[in-house]
Amino acid sequence: MRISLNWLRELVEIKLSPEELAETLTMAGFEVEEIEDRRTWANGVVIGKVLERQPHPNADKLSVCQVDVGAGETLNIVCGAANVKADIYVPVATTGTYLPNIDLKIKPAKLRGVPSQGMICSLKELGLPTDVDGIHIFTQENLPLGSDVRPLLGLDDVILDLTATANRADALSMVGVAREVAALTGGKLSIPEPGEVSITKSAGNLALKIADTQACPAYIGTVIEQVKIAPSPEWLQQRLRAAGVRPISNVVDITNYVLLEWGQPLHAFDCDRLKSVASSENLTIGVRFANAGESLKTLDGQTRTLSTQNLLITANDRPVALAGVMGGEETEVHQGTQSLVLEAALFDSVAIRRSSRSVGLRSEASGRYERGVNRAELEIANRRALSLISELASGILVQQQIADTRPDPSTWSRSIALRLDRVNQILGPIDLGEDTGELQEQDVERILTALGCKLTSSEKDTNHQPTWSVSVPPYRYRDLEREIDLIEEIARLYGYNKFCDTLPEKAEAGYLPLDEELIRKLRAFLRAEGLTELIHYSLVKPGEDRNIVLSNPLFVEYSALRTDLISGLIDAFQYNLEQGNGALNGFEIGQIFWQEEDGLQETETLAGIVGGDISVGKWSKSGREEPISWFEAKGILESVFRQLALQVEFQPDCRDNRLHPGRTASLWIRGNRLGIFGQLHPQLRREKGLPDSVYVFQLDLDVLLDSLGEDEVLVPTFQPYSTYPASDRDIAFFAPVKISVTEIQKVITKAGKDLLESVELFDEYRGENVPEGQRSLAFRLIYRASDRTLIEAEVEPVHNKVREALVEKFGVNLRS
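Residues numbered from 1 in each chain as written. Predicted model: local features only at pLDDT ≥ 70, side-chain atom pairs only at ≥ 80, totals over all residues. Heavy atoms only, no water.

Would you mind going over the pattern of salt bridges in detail, with residue names and values included?
Scanning all chains against the criterion turns up 47 salt bridges. For the salt bridge of Asp148 with Arg150, the shortest nitrogen-to-oxygen distance reads 2.7 Å. Looking at Arg150, the relative accessible area reads 15%, which means it is buried. Of the charged contacts in the structure, one is a salt bridge between Arg784 and Glu757, with a shortest N-O distance of 2.8 Å. Of the two residues, Arg784 is situated in the loop between strand S41 (774–783) and helix H21 (792–810) and Glu757 in strand S40 (residues 756–765); the sequence distance between them amounts to 27 residues. A relative accessible area of 47% means that Glu757 is categorised as partly exposed. (Salt bridge = Lys/Arg side-chain N within 4 Å of Asp/Glu carboxyl O. Buried < 20%, exposed > 50% of the residue type's maximum accessible area, 1.4 Å probe, protein only. Helix = DSSP H or I, 4+ residues; strand = E, 2+ residues; numbered from the N terminus.)

Pasting the structure below:
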C-alpha cells in the first residue's frame, strides 16, 4: 500500500524523518519497499503568470511568452504548448532547476534565434499523470507569484510503498497504519470521527433481501438524491494519486478515499439504472450466490460467466455486481447520475476469495475482504462516505436500510491471559549494553496499551510473576488470538534488534533414571487403556490391621497411614457415583505403609479400579450401559503387560475378603508374587451401592520394576519371522474344574516345545453332556518350523505327545 506522509501526518503525530520512519516500520514487520520523495521532482519550480503571448517569428508551433515569476523582471520563455495564452497561472522551472523525471537541467538557451530563460511545465514533466496534452494551468486565482509550486500539486510529499503481512488486514488502511505508527513512536492519534448523518425521509422504495447471512453478515444501503457529479476537489485528487488511484468523479473518488482511509470497501450504484435493471420503481437489493450459467458485465468491460461460487449483488434478483469484487457496468455512476444507492457491507472472506478466484479477478476491495474487514467500523466508514457525498456532491440522504446479523458487539473483542514469566521465557534476555536484563511489567503494559489493548492485572503465577487479562481491540480481533500472538507483538514493538542473539551454552545430554523412565512408560500405557490417574491422601482413618498411627494427628479422619490403595479407590468410585459422575476407571501410584515385628515398612504400589462401560458409547446400544466383564477387565492388565514384554501368570486366589472368592487371581512373575486382581465381593458391592461388575488390582511396583529392569526385557532379542506356513491343530477334552487353564497351558507348552509356536484357549463349556465337576475346554495349537514347511509325519508325533502329557498329568478325557 502506498502511504502519503502528508495524509498520515493528519492522522498521527510524526517526528521522524521519512527514512527513520521507514526503518522503524520495516523493523516492526512492515517492509517499506520504496521511498518516493516527490519533493525532488519540482525543486525550483515556482508559480508564474503569463503576461503576454506572441507567436515565434521563426517557428509556427512555438510561442514567445512574457512570464512574471515575482522576481522583479519578467522572463522571456519560449513554449511549444498549444494551450499557452495570456493571463494564466502556470508552473515555471527557472534557470538551474533539475527535473529528474525527464532528466533535464534548465539552462539559458536560444530556440530558433529567440532566447529562453526557463520552461513552462506540464504535469508529465513534473512526474504526475494527466490526460491534458500541454502545460498545466492552475484554476486558482491570485496565486502568489514566485512561490513554491509543490504544495499546490501535492509534490511536497513523501510516499512510502508499504507491504503488510497477510495477517495484518488492519494495515491496509491509513487509519490502521496511523495506529501502528502511534504504537511504534508514541505519536498522538487524530483519527477523524464522522458525525451522525440525517435521513430526510424515513420511508422509501428500497428493501434488502440477504439470502445467505453467513456470506453477508451486514449490509447497509443508503439512497441519496440530487447528486451533482463533478470532478473532486484538488486535495482529494492529490491523495488518490499519491495512493496510486486515478481520480474519476467526486462520488467514485469518495468511495475510493474511504477505502484507503478506513479499509472498508464501498460501492455506489446509479439508482435510476438499478430501477431500470429491476424493471420497477420498488427496488430490492439482494445478496445471493449465482446460479450456474448466469453472466455479468463488470466495470472493466468484460462479460463474465458465473458459477455457484460467485456471490452476487442483485436488483430484484437480477445481477448488478460481483459482491466484494467489482461492480457491474450496467449500473455504474456516470456524468448524468442524479441519485445513488451507496453500498457498505461485510462479506465472508472465504466466499470472496473463492468468488474472486473463480472469475480470475482481484481488486482493491476483494484484497481487503479476503484478509478480513473490521466489522466494528462498518458504520463509521459508511457515515464518513455519506458526509463527504453530502459535502462534495450536494447529495441528500432520503432512505437507509440495514440488514445486520453480526453477533453481539461484546463478542467483537476477546480476553487473553498473559504471563510475564512466559514472555521472558519465549523472548529471552534484552541487551542493556554491557549487561543483559529482562522485560519488565511496565514494558509489557506500555506496549500493549499503545496497541489499543486493555490490561487488567490478575493474580501472580506460581513464580510470583505478574499476569494480565488482555482485552484485544476489535480491529485486531483476527490476528491476536493466543498468548503467543501478544508475545510476538511485544517483541515487534520493543524491537527485535534489542534482544540478545547469543545461543545458550552447550549442555550435556540429560537422562532419566531407569525406574523413572519405566514408571512414565507404565503411566502412558495405563492412560492409553482409558484409565485416569488418581491421587489420594496417604492419611486415612485408623482401624485396619497393622496400621501405623500418628502420634499427633490433625484430625481423627487422617490419623493413620494407609496400608493399601484399594480402599481409597473403592471410596473414590463410590463418591463419583454419588456425585453423578458415573463409574470410574482409574489408577494410582503411591506409597503404602505397615508395621512388621522388625519395624515400619514402606513400599510403592500400583493399584487400579475398573467399572465403567469401555465400549464406543451409549448411543450404539440405545442408551443402555453394559457392565465390563471379568475377561475385559483382565485384558486391560494383559495389554499393559504385553507392551512391557512381561510374562505374568494368573493363579486362583481367595485370601482378600473384599474380593469375590471365585473371581480373584494372584499375579506372578517368575515365581515372585506381583499382586492381585479380582472382582469386588457382592456383599461389599451392596454395602457401597456399587454396580454389579467392579474390578480392582494392586501390584507391587518394586517387583514390577525389578522384572522390567532385567536385560532381556530392556533389550529384547530379535526373533526372525518364519517364512514357512504354520500347521494348526485343535484339541478338546473334559478336565476337572479345579485345574486352571494356566496349568494346562504350561503342560502343553512343555510337551510341544520343539515345534509348538503358540497355544490358545478358544472354547469353554459346562452343562449338558459334560460330567459333573468337569468342564469342556478346547485349545488351538500352532506348529511351525523356522527352516522348512512341516509335514504330517513331523507334526503328528508332537501332537500325540501333547495329548499323552495331558492324560498323564491331569487325567483328562480327550474328545478329539
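Structure's up, so let's keep going.
Please set out the sheet that holds strand S1 (residues 2–4) residue by residue, giving values where relevant.
Pairing is antiparallel across the open sheet formed by 3 strands, whose spatial order is S1-S12-S2. If you trace the sheet from one side to the other, it starts and ends with S1 and strand S2 (31–37), each paired once. With direction set aside, neighbouring strand axes in the sheet form an average angle of 25°. Where helix H2 (residues 18–27) meets the sheet, it contacts S2 and strand S12 (158–163), and its direction lies at approximately 165° from that of S2. (Pairing = 2+ DSSP bridges. Axes fitted to C-alpha atoms, helices over the stretch in contact; angles between N-to-C directions. Contact = heavy atoms within 4.5 Å.)

Outline a nonpolar patch on the surface, listing residues and values.
Where nonpolar side chains cluster on the molecular surface, the patch consists of Tyr537, Leu554, Phe555 and Tyr558 and spans about 540 Å² of accessible area. Note that Tyr558 resides in the loop between strand S31 (548–549) and strand S32 (560–561). According to the relative accessible area criterion, Tyr558 is partly exposed, its value standing at 35%. (Patch = residues over 30% accessible without salt bridge, like charges linked within 9 Å, V, L, I, M, F, W, Y side chains within 5 Å. Areas by Shrake-Rupley, 256 points an atom, 1.4 Å probe, with all protein chains shown as cover.)

Hey, could you go over the environment of Gly582 for me, with residue numbers and the actual values?
Counting through the fold element by element, Gly582 comes out in the loop between helix H15 (566–578) and strand S33 (586–596). Overall, the relative accessible area of 28% leaves Gly582 in the partly exposed class. Separated by 31 residues in the primary sequence, Gly582 and Asp613 place their C-alpha atoms 9.6 Å from one another. Filtering out sequence-adjacent residues up to four positions away, Gly582 remains in contact with Asn576 and Leu577.

Describe in detail the packing of helix H5 (residues 234–242) against helix H6 (residues 250–262), supporting the description with residues and values.
Their axes nearest at 10 Å, the elements H5 and H6 cross at an angle of 55°. Taken together, the axis directions place H5 and H6 in an arrangement best described as oblique. At the point where H5 passes H6, the crossing takes the left-handed sense. Along its contact with H5, which presents Trp235, Leu236, Arg239 and Leu240, the element H6 presents Asp253, Ile254, Asn256, Tyr257 and Leu260. Residue composition of the contact of H5 with H6, grouped by class: 6 nonpolar, 1 polar and 2 charged. (Parallel < 35°, antiparallel > 145°, perpendicular 65-115°, else oblique. Left-handed = near helix turned anticlockwise from the far one by under 90°. Nonpolar A, V, L, I, M, F, W, Y, C, P; charged D, E, K, R; others polar.)

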